[in-house]
Amino acid sequence: MSKVLIIGACGQIGSELTFKLREIHGAENVIASDISHSNLDIVNSGIFEIVDAQDYSSVKTCVEKHKIDTVYLMAAMLSATGEKYPMKAWDLNMNSLFHILNLAKETLIKKIFWPSSIAVFGPTTPRDNTPQHTVMEPTTVYGITKQVGERWCEYYYKKYNVDVRSIRYPGIISWKTLPGGGTTDYAVEIYHKAILEKQYQCFLSENTKLPMMFMDDAINATINIMQAPSDTITIRSSYNLAAISFTPRQIAEAIKAHITEFAISYAPDFRQEIANSWPRSINDSSARTDWKWRHTYDLQSMTKEMISQLKQKYATSSEELS
Ligand code: SER
């Protein structure tokens, strides 16, 4: 029986991954951890430990205490916050990865999931149908940490036989837990504001097209790559992964089909430059061939689900988006 640790379990993806992994492995075999008790749904719904991803002994103590064999390292500083705190982003994103890779090298753990991102690409990358193997000159600190991280993952696989698996996530859209500090966060905020205020001021310009994905698809991809037989994983840096690409104008149109009075305005800020450096669409044929990746949600079905779930959520709580 697998014993699983999620580091960064209170975050946008970590929280939903925790719920899914508890369904698969049983709640007693899945340990959620984070640096603080910032998500009470996670803290109160199963085993939870405070773990500082940057502190080797903090991570190692938790791994030994619970006899962990598989780690999902979901803690990271994202693109927009990383530009405000470059050294903090570097330290968090790199130290946490090295700790986990070294625990696997020392055979304390057997298997690792570590997410990469479309941020590994930069302005010199082909922006449409971006290939798996292409020019990668990221211009954000976040993108640099993810690109370097990918190199180290492949290195540890080749040199030390560490079973590490990775996906380059696009922007992830979900209704349970808010994202924090990313350039693609607008595509989550817009739904909350549409329901609460019937209007949204977008920090990206109307025709900025970016690769995106609904959370359910992202969780399925994560579980699928981890369950795939090791010899089917031919890429040990990180896999391109794609579902949908859209612009702020297109997502606003999809929302208007449900909330007719919704109005969007545009006030691009420093995040526009980050978005301009990323691909518009991604070629993920390697993931589709190697471990049979398929996405389910398009912009319309995702919008329907987001609006219905968020309407229920706001109807049953006093929660408000600040
Ligand atoms: N969603 C991330 C960000 O915007 C990209 O991986 O930073």
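Up top you'll find the structure we're talking about.
Residues numbered from 1 in each chain as written. Predicted model: local features only at pLDDT ≥ 70, side-chain atom pairs only at ≥ 80, totals over all residues. Heavy atoms only, no water.

1. Describing the state of the cysteines
Throughout the structure, instances matching the rule amount to 0 disulfides. Cysteine 62 provides the cysteine sulfur closest to cysteine 10, a residue in no disulfide bond, and the two sulfurs are 13 Å apart. Taking the relative accessible area as the measure of exposure, cysteine 10 reaches 6% and is therefore buried. (Disulfide = S-S within 2.5 Å. Buried < 20%, exposed > 50% of the residue type's maximum accessible area, 1.4 Å probe, protein only.)

2. Description of the sheet that holds strand β11 (residues 210-214)
Within a beta sheet, neighbouring strands are joined by backbone hydrogen bonds and run either parallel or antiparallel to one another. Overall, mixed pairing links the 3 strands, which are arranged β9-β11-β13 in an open sheet. The outermost strands of the open sheet, each flanked by one partner alone, are β9 (171-173) and β13 (244-246). In this sheet, adjacent strand axes meet at a mean angle of 45 degrees when their direction is disregarded. Sheet topology places β11 next to β13; 3 bridges connect them, and they run antiparallel. Looking at β13, one finds that leucine 210 is bridged to phenylalanine 246. Against the sheet, helix α7 (residues 186-196) engages β9, β11 and β13, with an angle of about 25 degrees to β9. Along the sheet, helix α12 (residues 299-316) makes contact with β9, β11 and β13, crossing β13 at roughly 85 degrees. (Pairing = 2+ DSSP bridges. Helix = DSSP H or I, 4+ residues; strand = E, 2+ residues; numbered from the N terminus. Axes fitted to C-alpha atoms, helices over the stretch in contact; angles between N-to-C directions. Contact = heavy atoms within 4.5 Å.)

3. So, the packing of α7 against α12
At a minimum axis separation of 10 Å, α7 and α12 run at an interaxial angle of 55 degrees. In terms of orientation, α7 lies oblique with respect to α12. As for the relative orientation of α7 and α12, their crossing is right-handed in sense. Contacts from Tyr191, His192, Ile195 and Leu196 in α7 reach Leu299, Met302, Thr303, Met306, Ile307, Leu310, Lys311 and Tyr314 in α12. (Parallel < 35°, antiparallel > 145°, perpendicular 65-115°, else oblique. Left-handed = near helix turned anticlockwise from the far one by under 90°.)

4. Notes on the pattern of salt bridges
In total, this model carries 14 salt bridges according to the counting rule given. For aspartate 128, the salt bridge goes to arginine 280, with nearest N and O atoms at 2.9 Å. Of this pair, aspartate 128 sits in the loop between β6 (116-117) and α6 (141-160) while arginine 280 is found in the loop between α10 (271-276) and α11 (285-290), placing the two residues 152 residues apart along the sequence. In this structure aspartate 128 comes out as partly exposed when scored by relative accessible area, which is 43%. Look at arginine 280 and you get partly exposed, because its relative accessible area is 28%. Of the charged contacts, one joins arginine 249 and glutamate 206 as a salt bridge, the two residues approaching to 3.9 Å between their closest N and O atoms. In this pair, arginine 249 sits in helix α9 (residues 248-256) while glutamate 206 sits in the loop between β10 (199-202) and β11, placing the two residues 43 residues apart along the sequence. Looking at glutamate 206, the relative accessible area reads 33%, which means it is partly exposed. (Salt bridge = Lys/Arg side-chain N within 4 Å of Asp/Glu carboxyl O.)

Don't take any of this as a statement about function, it's just geometry.
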